[in-house]
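What follows is the residue order along each chain.
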Amino acid sequence: MCDCCRHGPIHPAIWNALCCPMILVGQVMHRLKLTWLGNEGTIAQTTATFRILLYMTIAYVTVERLLYFMASAGIDERGKPTDVFWTLVFTRLFWIFCFAVFTIFLVAKTRARIRSKYSIPEKQCPGCEDFCCSLWCNCCTVAQMARHTADYDTYAGLCCSETGTPPHAPSIV
């Protein structure tokens, strides 16, 4: 799992895993033909998976930054935080928590699908390995799933394509 830099330290998959893991998860899920909730689906249901997760990431970052900057309006003229400040701070923390829980859930579910598809047994924590990996080392887990579902040795990685590989690259899953 800790072979993140196998394709070099500037590979798009490693940077997506570190900075925007939900985008890389969307690419992996698109390759696996999963819906945005990690379930198998028809082609019509799974074609928008990457875009949905991309838009969710954009919405998350936008709302989180807005809440961060709006909180400064909750400081009174003496520099003391007001009720508005604390409301915005706790709303922002709740927003971050919800997105983190959703990310952990989606990574664990996608990892379980990959293990099931390729008959990969759990070794360290039977019954909860997918959850533990997605909780404790999310970026490594996402990068591992990306490497397992794409042939980065042959095809270049792309940051924001639906599959993370060039359009002519075959799906290896």
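The structure contained in this document is the topic of the report that follows.

Thresholds applied
- Residues numbered from 1 in each chain as written.
- Predicted model: local features only at pLDDT ≥ 70, side-chain atom pairs only at ≥ 80, totals over all residues.
- Heavy atoms only, no water.
- Helix = DSSP H or I, 4+ residues; strand = E, 2+ residues; numbered from the N terminus.
- Buried < 20%, exposed > 50% of the residue type's maximum accessible area, 1.4 Å probe, protein only.
- Contact = heavy atoms within 4.5 Å.
- Areas by Shrake-Rupley, 256 points an atom, 1.4 Å probe, with all protein chains shown as cover.
- Salt bridge = Lys/Arg side-chain N within 4 Å of Asp/Glu carboxyl O.
- Core = buried A, V, L, I, M, F, W, Y, C linked by side-chain atoms within 4.5 Å.
- Axes fitted to C-alpha atoms, helices over the stretch in contact; angles between N-to-C directions.
- Parallel < 35°, antiparallel > 145°, perpendicular 65-115°, else oblique.
- Nonpolar A, V, L, I, M, F, W, Y, C, P; charged D, E, K, R; others polar.
- Phe/Tyr/Trp six-rings, centres within 6.5 Å; stacked < 30°, edge-to-face > 60°.
- Arc of directions from axis to C-beta.

**Digging into the overall build of the protein**
Reasoning step 1: Along the protein, the regular secondary structure elements total 7 helices and 0 strands.
Reasoning step 2: Scored against the burial criterion, the 173 residues of the protein give a buried share of 39%.
Reasoning step 3: Pairs at least 24 residues apart make up 63% of the contacts formed inside the protein by residues separated by at least 6 positions.
Reasoning step 4: Of the accessible surface of the protein, which amounts to about 9700 Å², a share of 67% is contributed by carbon and sulfur atoms.

**Focus on the pattern of salt bridges**
Once their charged atoms are close, side chains differing in charge can pair, the charge on each being opposite to the other.
Reasoning step 1: Scanning all chains against the criterion turns up 9 salt bridges.
Reasoning step 2: In this structure, R92 and E64 form a salt bridge, with 2.5 Å as the shortest nitrogen-oxygen distance. Of the two residues, R92 is situated in helix 5 (residues 83-117) and E64 in helix 4 (residues 49-70); the sequence distance between them amounts to 28 residues.
Reasoning step 3: When its relative accessible area of 9% is taken as the criterion, E64 is described as buried.

**Here we look at the nonpolar core**
Reasoning step 1: In terms of nonpolar packing, the biggest core is built from 22 residues, with L24, L106 and V142 touching the most fellow members.
Reasoning step 2: Not counting chain neighbours up to four residues away, the residues in contact with L106 comprise M22, V25, M29, W36, L37, G38 and L53.

**Points about the environment of K109**
Reasoning step 1: With respect to the helices, strands and loops of the structure, K109 is situated in helix 5.
Reasoning step 2: You can call K109 partly exposed: its relative accessible area is 24%.
Reasoning step 3: As for K109 and S134, which are separated by 25 residues in sequence, their C-alpha atoms are 9.2 Å apart.
Reasoning step 4: Those residues in contact with K109, other than ones at most four positions away along the chain, are L37, G38 and N39.

**Section: the packing of helix 1 (residues 12-19) against helix 2 (residues 21-32)**
Reasoning step 1: Between helix 1 and helix 2, the least distance of the axes is 5 Å, while the angle of their chain directions is 125°. Taken together, the axes of helix 1 and helix 2 are oblique relative to one another. Here helix 1 contributes A13, N16, A17 and C19 to the contact with helix 2, which in turn contributes P21, I23, L24 and Q27.
Reasoning step 2: Tallied by class, residues from the contact of helix 1 with helix 2 come to 6 nonpolar, 2 polar and no charged.

**Some thoughts on the packing of aromatic side chains**
Reasoning step 1: In total, this model carries 7 aromatic pairs according to the counting rule given.
Reasoning step 2: Here the aromatic rings of W36 and F102 are separated by 6.2 Å at their centres, their planes lie at 50°, and the arrangement is tilted. Here the residue W36 occupies a position in the loop between helix 2 and helix 3 (43-46), and F102 occupies one in helix 5, the gap between them amounting to 66 residues.
Reasoning step 3: Aromatic rings pair up to connect W36, F102 and F105 into one cluster.

**Considering helix 6 (residues 129-136)**
Reasoning step 1: When helix 6 is considered as a whole, its buried residues turn out to be E129, D130, C133 and S134. Relative to the axis of helix 6, the buried residues are bounded by an arc of 125° and lie together on one face.
Reasoning step 2: Along its buried surface, helix 6 packs onto helix 5 and helix 7 (138-149).

**Quick look at unusual backbone geometry**
Reasoning step 1: Unlike most non-glycine residues, K33 shows phi in positive territory, near 60°.
Reasoning step 2: Within the element layout of this structure, K33 appears in the loop between helix 2 and helix 3.
Reasoning step 3: Overall, the relative accessible area of 41% leaves K33 in the partly exposed class.
Reasoning step 4: Phi at S119 takes a positive value of approximately 55°, unusual for a residue other than glycine.
Reasoning step 5: Residue position: S119 is located in the loop between helix 5 and helix 6.

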